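Tertiary structure, described
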Amino acid sequence: MDAPAKPGHDGMNMTEILKPSEIGHAAELLRAGELVAFPTETVYGLGGDATNDRAVAAIFAAKDRPKFNPLIVHVPNAGAARPLVTFNARAEALAAKFWPGPLTLVLPRRVDCRVSLLAGAGLDSLAIRVPAHPIAQELLRAVARPIAAPSANRSGHVSPTGADHVIAELDGRIVAVLDGGPCSVGLESTVLDLTGAPAVLRPGAITAEQLTAIVGPLSAPGGGTARSPGMMARHYAPARPLRLCATSAQPGEAWLGFGPDAAGATLNLSPRGDLTEAAANLFAYLRKLDCAPHIGIAVSPIPERGLGVAINDRLRRGATAVKGA
Ligand code: TXA
Ligand code: MG
């Protein structure tokens, strides 16, 4: 079955509230590509199969996110993270000390990592978290796949710390929420970038002092490298120039099409003009076309509605990025 949840359903289907005894059912829904919110010790997460491009695109749609920020990928233990990212000595020490728990580590993505490129917003790094909440633990083990889960609120709203908050935010946009009662921490996990000198990208439940005790001094986010603070990861941009709103390719260009009018496109994000499908394919297709013999990538116009807003945001950044930086 590959039909994911239909976000933006206007409440036609109500979101089902599942009891902890129904974790098995929640796991089946996730494996089928549906969206299920679940409790962690920090906040409730809006979960989707991180290996399923369509499920990940549906997460962005359900949240009404105008941008593709990279998402945190949840696994039950460090062993399940090893096929996804490359650990270094600091990561090993921090995982041994703080996992399971409210610490997210940003590590280099392995080339054979099976997580959707959209989940990591096309970056070469991936944020990994091992939540301690017993329901999250049991769910992740039952799904046996990495789960992408931003906080289960609509974009710009506060993070939910109870199943009732999740319903208030997302009723009708996700198929189910697992009710585990209130979250004990109530504050998001600390996000620590370990792809260079350790730097806190988002302060959270694990303090700088606790981290320093294990890995030594932390560098300021943005210091030295191009990292910027808070939620800001470097953005993925193709090396070749992007030409937007193109209705055909010029000599030497690849054509990234959208919709039924783009017959003859090198690749089509969605021949039937479905924005969730287009979002699911975006990063993978850009990467496929960003290579010889193409000298540039022409991109069809994408409607500025729903997920099209986030797709256009990313394309415009890619079109104006300083190449080769
Ligand atoms: O407590 C939490 O972390 C909650 C629960 C549900 O686990 N999750 C959560 O996820 O807050 P989300 O997607 O809302 O937050 C993701 C944060 C953002 O600040 C994002 O920019 C950063 O992690 N992030 C994710 N992947 C990254 C990457 N590859 N590089 C840098 N930052 C990244
Ligand atoms: Mg959030």
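What you see is a predicted model; the values in this text were computed from it and never measured. (Residues numbered from 1 in each chain as written. Chains lettered and ligands numbered in written order. Predicted model: local features only at pLDDT ≥ 70, side-chain atom pairs only at ≥ 80, totals over all residues. Heavy atoms only, no water.)

1. Overview of the sheet that holds strand E4 (residues 72-74)
Within a sheet, each strand pairs with its neighbour through backbone hydrogen bonds, oriented either parallel or antiparallel. What counts, and what does not: Whether two strands pair depends on DSSP finding at least two bridges between them. The secondary structure listing takes helices from DSSP runs of H or I that are at least 4 residues long and strands from runs of E that are at least 2 residues long, numbered from the N terminus. Here a residue-residue contact requires only that any non-hydrogen atoms of the pair lie within 4.5 Å. Only the contacting stretch of a helix is used when fitting its axis, a line to C-alpha atoms as for every element, and angles between N-to-C directions run 0 to 180 degrees.
What the 10 strands build is an open sheet, ordered E1-E8-E2-E3-E7-E4-E6-E5-E9-E10; its pairing is mixed. Of all strands in the sheet, those with a lone pairing partner are strand E1 (16-18) and strand E10 (199-202), marking the two edges. Alignment of E4 against strand E6 (residues 125-129), held across three bridges, turns out to be parallel. Residue pairing across strands places valine 73 opposite isoleucine 128, the latter belonging to E6. Most of the contacts of helix H1 (residues 23-31) go to E1, to which it runs at about 130 degrees, and overall it touches E1, strand E2 (36-38), strand E3 (45-49), strand E7 (147-148) and strand E8 (176-178). Across the sheet, helix H4 (residues 89-98) lies against strand E5 (103-108) and strand E9 (190-193), angled at about 160 degrees from E5, the strand it touches most.

2. A word on the packing of H1 against helix H5 (residues 134-143)
Rule in force here: Throughout this description, any angle smaller than 35 degrees is read as roughly parallel, any larger than 145 degrees as roughly antiparallel, any in the 65 to 115 degree range as roughly perpendicular, and the remainder as oblique. Take the far helix as the reference: if the near one is turned anticlockwise from it by less than a right angle, the crossing is left-handed, and if turned clockwise, right-handed. Gly is put with the polar residues, along with every residue not named as nonpolar or charged; the nonpolar set is Ala, Val, Leu, Ile, Met, Phe, Trp, Tyr, Cys and Pro, and the charged set is Asp, Glu, Lys and Arg.
It is the contact of H1 with H5, at a shortest axis distance of 9 Å, that shows an interaxial angle of 50 degrees. One element, H1, and the other, H5, form an angle in the oblique class. Every pair of crossing elements has a handedness; the one defined by H1 and H5 is right-handed. Listed contacts from H5 to Ile23, Ala26, Ala27, Leu30 and Arg31 of H1 are Ile135, Glu138, Leu139, Ala142 and Val143. Considering only residue class, the contact of H1 with H5 consists of eight nonpolar, no polar and two charged.

3. Observations regarding the domain arrangement of the chain
Heads up, the condition is: By convention here, the domain bounds are inherited from an automatic or database domain assignment. Simply put, the buried area is the total loss of 1.4 Å probe accessible area from both parts when two parts are fitted together. Salt bridges, as used here, are contacts in which a Lys or Arg side-chain nitrogen is within 4 Å of a carboxyl oxygen on Asp or Glu.
In terms of domains, the chain is made up of domain 1 (6-215) and domain 2 (242-323). The centre of domain 1, based on its C-alpha atoms, is set 28 Å off from the matching centre of domain 2. Across the contact, 16 residues belong to domain 1 and 17 residues belong to domain 2. Buried area between domain 1 and domain 2, summed over both chains or domains, comes out near 1300 Å², and the portion from carbon and sulfur atoms is 64%. When residues of domain 1 are sorted by the area they lose upon contact with domain 2, Arg54, Phe68 and Leu117 head the list and together hold 43% of the total. The tally of links from domain 1 across to domain 2 stands at one salt bridge. One salt bridge connects arginine 287 with aspartate 124, and the closest N-O pair in it is separated by 3.5 Å.

4. With respect to helix H8 (residues 275-289)
Defined as follows: For a helix, the expected span equals 1.5 Å multiplied by the number of residues minus one. To obtain the bend at a residue, axes are fitted to the seven residues ending there and to the seven starting there, and the angle between these axes is taken.
Under the 1.5 Å per step criterion, the end-to-end length of H8 is 20 Å for 15 residues, consistent within 8% with the ideal 21 Å. Of all the bends in H8, the largest measures some 45 degrees and sits at leucine 282.

5. Points about the sheet that holds strand E14 (residues 296-299)
The parallel open sheet is built from four strands, whose spatial order is E11-E14-E12-E13. Lying at the two open borders of the sheet, with one neighbouring strand each, are strand E11 (242-243) and strand E13 (267-268). With two bridges connecting them, strand E12 (residues 253-257) and E13 associate as parallel partners. Its bridge partner lying in E13, glycine 257 is registered against asparagine 268. Here H8 sits on the sheet and contacts E11, E12, E13 and E14; the angle it forms with E12, its principal contact strand, is near 165 degrees.

6. Observations regarding unusual backbone geometry
Definition in use: A simple rule labels every residue: compare its accessible area, found with a 1.4 Å probe on the protein chains alone, to the largest value its type can have, and call it buried under 20%, exposed over 50%, or partly exposed in between.
Note that the residue after tryptophan 99, namely proline 100, is joined by a cis bond; omega there is -5 degrees. Position of proline 100 relative to the elements: it lies in the loop between H4 and E5. At alanine 144, a position not held by glycine, the phi torsion is positive, near 55 degrees. Judged by its relative accessible area of 52%, alanine 144 falls in the exposed class. Residues other than glycine seldom take positive phi values, yet cysteine 245 does so here, at roughly 55 degrees. Along the chain, the position of cysteine 245 falls in the loop between E11 and E12. Residue classification places cysteine 245 among the exposed positions, given a relative accessible area of 59%.

7. Focus: the environment of glutamate 22
Structurally, glutamate 22 is set in the loop between E1 and H1. Residue glutamate 22 is classed as partly exposed on the basis of its relative accessible area of 24%. In this structure, the C-alpha to C-alpha distance between glutamate 22 and aspartate 179, residues 157 residues apart in sequence, is 9.7 Å.

8. Looking at helix H2 (residues 53-63)
Residues spaced three or four apart along an α-helix point in a common direction, a consequence of the helix completing one turn every 3.6 residues. With nine of its 11 residues buried, H2 lies for the most part within the structure. Within H2, the full set of buried residues consists of Ala55, Val56, Ala57, Ala58, Ile59, Phe60, Ala61, Ala62 and Lys63. Lining the buried residues of H2 we find E3, E7, helix H6 (163-170) and H8.

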